[in-house]
Amino acid sequence: MPADLHEPAPEPGAEPGRRVRGPGCGGTSDGACGGGCGGTCGGGSDCAGGDPRPGGAEAAAAVVAEYLDPGLPRHEQLEEALDRTPTGSPLVRLLEALDPRSLDDYDLAELAAGFARMAGWVHANLAAVAVELARRPGMAPRPDPRSGRGTGITPERVAATALSARLQRSPQDTAALVREGSEFSGDLAATGQALRAGRISVPAARAIAARLADQVTWVSQPVQDYVLPRAEHSTVSQVRADLERALLDVDPEHAQDRRDAARAQRRVTHPRALPDQMAEMHVVLPAEHAVGIDTALEQAARSARAGGDPRTLDQLRADGLVDAVLTGAPPATGSDAETSPAAVPGFLPTPKDGGRARAGTTTHGGVGGGTTAHGEVGGGTTIRGGVGDRVCGDADIDAGVTRAPASASSPGSSRTAGPRDPRTHVLVTVPLSSLIGQDDTPADLAGYGPIDATTARALAQGGVWRRLVVDDLSGSVLDVGRTTYRPPAALADHVRFRDRTCTFPGCPVPAHRCDLDHSDDWSPAPDDPRPPGTTSHTNLGPACPRHHRAKHQARFDARQPEPGVHDWTDPTGHRYRTRPGTGQPTEHLTGPRRARGTPPPGGTRVPSPTTAGGQSPSTAGGPPRSASGGGLPTTAGHQPPPSTRTPPPGRGAEDDPPPF
């Protein structure tokens, strides 16, 4: 945001190559064309560009000024206006008046959030219109006296079919619209209101409606009450996990019925054409089977990469699946990849090319951040952390071959005694009380999320349970200071089990597929005032490859104020706090005061803005009118002002990314 919201920022001068305006061009006082034509008018009076906003730049600036609260700090005024303005015509009026070119990075992100709020309002009203259409008499199916039985066509299906033609959307999508409209006006009215107010995203609201539409009221209401307050700060994948967890808590008696009904729908779709002679297929499987397949493909792909295979991990995973299905051979790993015909690009396997891979390795490890070799113990060992006691285990999905005895492994070592371990390891975290049958508290399947206690106990049978190594329980050292960059196995175990997923806001990548990143860099940049970081549980956290690169190759910053609590600052200046091991939603530390629970100064009451004609566009409250008038700079030649907010600690605007 400019230093002064009510006075146009000084123009930096005409941009290189921009022509000077002529009479009537509508440009700036220094001669730069401000007509929105991009400087192609030659400065003449026939410039047809014009400011795209209603009434032009001056009128737009006056509109923006109406929404700004002078009682707030200047850098919060636009953020609060965008958050507190009701959706519908009041928010549309503000959004239309804002010129994105005049905003700094922080406020551009807030402007995007404002448009996302409007998208929620649009979708809620679209769903309301869809269900209203389904209720009209003309949508009733026409009886056919020639048919001796019902047609099975409902008014909802008729309305969905009609809307699919008018909106150019699939019948499945318009049927979902009708269903959502019905739910948002019934049991899930609170979800519909939150969507209409722009407090939850469209995907989150659709996920809630899809999951709870077929649930009875005494189940859907408490589940909604649990999920909805968290949904505003959660991604759609987190909302889905919350829904599953809440359903298991509210209605554990019918968990098996729901699971059996869902498993009956398992399927593999037929290929769908993609460009350039490619195709895609969709697979729906029980969670433990899907996670097992994913883990097997990932382990084989990483082993092949470590053995020098030039293919990417995605290519290796795809080729490994083709090998396993079409030839019946397990994916080649390590040196096997060098001699496998499937290593040849474009190779199409046939059964004659199949064969058994020779004995290989089975390792537990992350990417780049140390391994997760768990110390084995008999039975199950309780661990500390989270709510109640838990045990963690590797549940093995048997492929029908006797497993060789497991031996202690160290990073990079192989299990060479006996045949290759044919079983895929899936990681399950189960409360001890649930494991021994004391209650039915849900467990957690790494890479998926909550699963019911019955499934967890079934996976536990025959599983190898391993102790989570934590501080004084095992006596293991959780801080090796500056003695080593890579954490020992026990420390890596502790951090990965503590955080469970990538620490970036909303990222669901399991910790065992993440790097272990030093929050304070092990080797900081020369101009970084922070001291070098240590290898300890207070300075390590899982980061998936995407967000690990973002931290070191873009202007993202990560801190760990206390173990397991991670603060991320993005390049726009927004700061977020995550506690990935606890299941708590992300906190927006620099978000609007409403989201932070901070009241406006002096408890300011927010009146509604007025239109140009002096009439209120809404009876709902809106930001107060500014006494000083004016508005944001709006000229086309204006350059976005530099952010006045404090940059991420330890990194200036021109700092190079520090090394890993």
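Refer to the structure presented above.
Description of the structure in this document. (Residues numbered from 1 in each chain as written. Predicted model: local features only at pLDDT ≥ 70, side-chain atom pairs only at ≥ 80, totals over all residues. Heavy atoms only, no water.)

### Topic: unusual backbone geometry
When glycine is set aside, most residues are seen to have a negative phi, and most peptide bonds are trans.
Then step 1. Look at Gln168: it is not a glycine, yet its phi comes out positive at around 55°.
Then step 2. Structurally, Gln168 is set in the loop between helix H5 (155–167) and helix H6 (171–184).
Then step 3. The backbone of Asp276 shows a phi angle near 60°, a positive value even though the residue is not glycine.
Then step 4. Along the chain, Asp276 falls in the loop between strand E2 (272–274) and strand E3 (278–280).
Then step 5. Residue classification places Asp276 among the exposed positions, given a relative accessible area of 73%. (Helix = DSSP H or I, 4+ residues; strand = E, 2+ residues; numbered from the N terminus. Buried < 20%, exposed > 50% of the residue type's maximum accessible area, 1.4 Å probe, protein only.)

### Thoughts on the nonpolar core
Across soluble globular proteins, you tend to see nonpolar side chains buried next to one another.
Then step 1. Core analysis: the biggest nonpolar cluster contains 30 residues, and Ile208 and Val223 have the highest contact counts within it.
Then step 2. When residues of this core are assigned to their parent elements, the largest contribution, six residues, is made by helix H8 (residues 202–212).
Then step 3. Membership of the second largest hydrophobic core comes to 16 residues, among which are Ala81, Leu91, Leu95 and Leu103. (Core = buried A, V, L, I, M, F, W, Y, C linked by side-chain atoms within 4.5 Å.)

### Some details on the pattern of salt bridges
Then step 1. Overall, the coordinates contain 33 salt bridges when judged by the stated rule.
Then step 2. With its nearest N and O atoms 2.7 Å apart, the salt bridge here joins Glu180 to Arg206. Taken together, the residues Glu180 in helix H6 and Arg206 in helix H8 connect sequence positions 26 residues apart. With respect to burial, Glu180 and Arg206 carry one shared label: buried.
Then step 3. A salt bridge links Arg317 to Asp294, with the shortest nitrogen-to-oxygen separation between them at 2.7 Å. Of this pair, Arg317 sits in helix H13 (residues 313–326) while Asp294 sits in helix H12 (residues 287–306), and the two are 23 residues apart along the sequence.
Then step 4. Salt bridges sharing partners connect three or more residues here, namely Asp294, Glu298, Arg302, Arg317 and Arg513. (Salt bridge = Lys/Arg side-chain N within 4 Å of Asp/Glu carboxyl O.)

### Thoughts on the packing of H5 against H6
Then step 1. Relative orientation of the contacting elements H5 and H6 amounts to 125°, with a least axis distance of 8 Å. In terms of axis orientation, H5 runs oblique to H6. Crossing of H5 against H6: the hand is right-handed. Residues Glu156, Ala159, Ala160, Leu163, Ser164 and Leu167 of H5 lie in contact with H6, whose contacting residues are Pro171, Thr174, Ala175, Leu177 and Val178.
Then step 2. Residue classes in the contact of H5 with H6 are distributed as eight nonpolar, two polar and one charged. (Axes fitted to C-alpha atoms, helices over the stretch in contact; angles between N-to-C directions. Parallel < 35°, antiparallel > 145°, perpendicular 65-115°, else oblique. Left-handed = near helix turned anticlockwise from the far one by under 90°. Contact = heavy atoms within 4.5 Å. Nonpolar A, V, L, I, M, F, W, Y, C, P; charged D, E, K, R; others polar.)

### Digging into the pairing of strand E13 (residues 565–569)
Then step 1. Counting buried residues along E13, five of its five residues qualify, which places the element largely inside the surrounding structure.
Then step 2. Of the pairings in the sheet, the one linking strand E12 (residues 557–562) to E13 comprises four bridges and is antiparallel in character. Looking at E13, one finds that Glu562 is bridged to Val565.
Then step 3. Between E12 and E13, which follow one another and run antiparallel, lie two residues, and Gly564 among them has a positive phi close to 85°.
Then step 4. Note that E13 and strand E14 (residues 575–578) share four bridges and pair antiparallel. Of the residues in E14, the one forming a bridge with Asp567 is Arg577.
Then step 5. Turn length for the E13-E14 hairpin, with the two strands adjacent in sequence and antiparallel, is five residues, and the turn residue Gly573 shows positive phi of about 100°. (Pairing = 2+ DSSP bridges.)

### Some remarks on the sheet that holds E14
Then step 1. With antiparallel pairing, four strands are arranged side by side in an open sheet as E12-E13-E14-E15. One side of each edge strand has no neighbouring strand; the edge strands of this open sheet are E12 and strand E15 (587–588).

### Remarks on the packing of aromatic side chains
Then step 1. In this structure the tally under the stated criterion is two aromatic pairs.
Then step 2. Ring plane angle 65° and centroid distance 6.0 Å describe the contact between Phe504 and Phe556, whose orientation is recorded as edge-to-face. Of the two residues, Phe504 sits in the loop between helix H18 (489–499) and strand E10 (515–518) while Phe556 sits in the loop between helix H19 (545–553) and E12, which places them 52 residues apart along the sequence. This pair shows no difference in class: Phe504 is buried, exactly as Phe556 is.
Then step 3. Here the aromatic rings of Phe504 and Trp568 are separated by 5.0 Å at their centres, their planes lie at 75°, and the arrangement is edge-to-face. Note that Phe504 is positioned in the loop between H18 and E10 and Trp568 in strand E13, a separation of 64 residues in sequence. Like Phe504, the residue Trp568 is buried in the burial classification.
Then step 4. Through a chain of ring-to-ring contacts, three or more aromatic side chains come together here, namely Phe504, Phe556 and Trp568. (Phe/Tyr/Trp six-rings, centres within 6.5 Å; stacked < 30°, edge-to-face > 60°.)

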